[in-house]
Amino acid sequence: MRIAFSADHAGARLKDELIRRLAAAGTGHQLIDLGGDGSDPNDDYPDFAQRLGEAIQGGDAERGILICGSGVGASVAANKMHGIRAAVCHDTYSAHQGVEHDDMNVLTLGARVIGPEPAFECVVAFLGATFSGEPRHRRRLDKVLAIEAAASGDTT
């Protein structure tokens, strides 16, 4: 799986740590670093959320890990993009359940909220999960997609 990573100034250190740990774990995923190196306090989360969302929209990545100080701003920004389903998850249950039930494709983390070890566990849970496709989950996802289409003016 191709996984894009992006972080604002507050999340860059955690992003780098997660990429390093996933590479060392030999998961076989292609890890794509879309930046944020932490050197510029003006590196704002909306810019990095957009960069990551565009990578998923363009097919360059299948899922994304997006990190800011709390995870909230990055999640809000990413969810403004068509086809992006992002959520802040600081526990493994939410990280895998968000994929299994809601077809979440972006995990957001708050570098000022979660430590490196639980963050890594959340990433592993997120990447190991697949959408169940169960009728009740498909029905609910279709309703979410209809809301997204209506909000964008797409009536197809």
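In what follows, the structure referred to is the one given above.
In short, a report on the structure. For clarity, every value in this text was computed on a predicted model and none was experimentally measured.

Let's shift gears to the pattern of salt bridges. All told, the structure shown has eight salt bridges when counted by the stated rule. Residues D142 and R138 are paired through a salt bridge, measuring 2.8 Å at the closest nitrogen-oxygen approach. Of this pair, D142 and R138 both sit in helix α6 (residues 135-152), separated by four residues, roughly a single helical turn. Exposure remark for R138: the relative accessible area of 33% places this residue in the partly exposed category. Within this structure, K15, D16 and D33 form a network of salt bridges that share partners.

Let's shift gears to the sheet that holds strand β5 (residues 106-110). Reading across the sheet, the five strands line up as β2-β1-β3-β5-β4 and stay open at both edges, with parallel pairing between neighbours. Either end of the sheet is taken by a strand with one partner, and the two such strands are β2 (30-33) and β4 (86-88). Strand after strand, the sheet turns through a mean of 20° between neighbouring axes, direction not considered. Strand direction decides the pairing type here: strand β3 (residues 63-68) and β5, joined by five bridges, are parallel. By the bridge assignment, L66 is partnered in β5 with T108.

The rules behind these values
Residues numbered from 1 in each chain as written. Predicted model: local features only at pLDDT ≥ 70, side-chain atom pairs only at ≥ 80, totals over all residues. Heavy atoms only, no water. Salt bridge = Lys/Arg side-chain N within 4 Å of Asp/Glu carboxyl O. Helix = DSSP H or I, 4+ residues; strand = E, 2+ residues; numbered from the N terminus. Buried < 20%, exposed > 50% of the residue type's maximum accessible area, 1.4 Å probe, protein only. Pairing = 2+ DSSP bridges. Axes fitted to C-alpha atoms, helices over the stretch in contact; angles between N-to-C directions.

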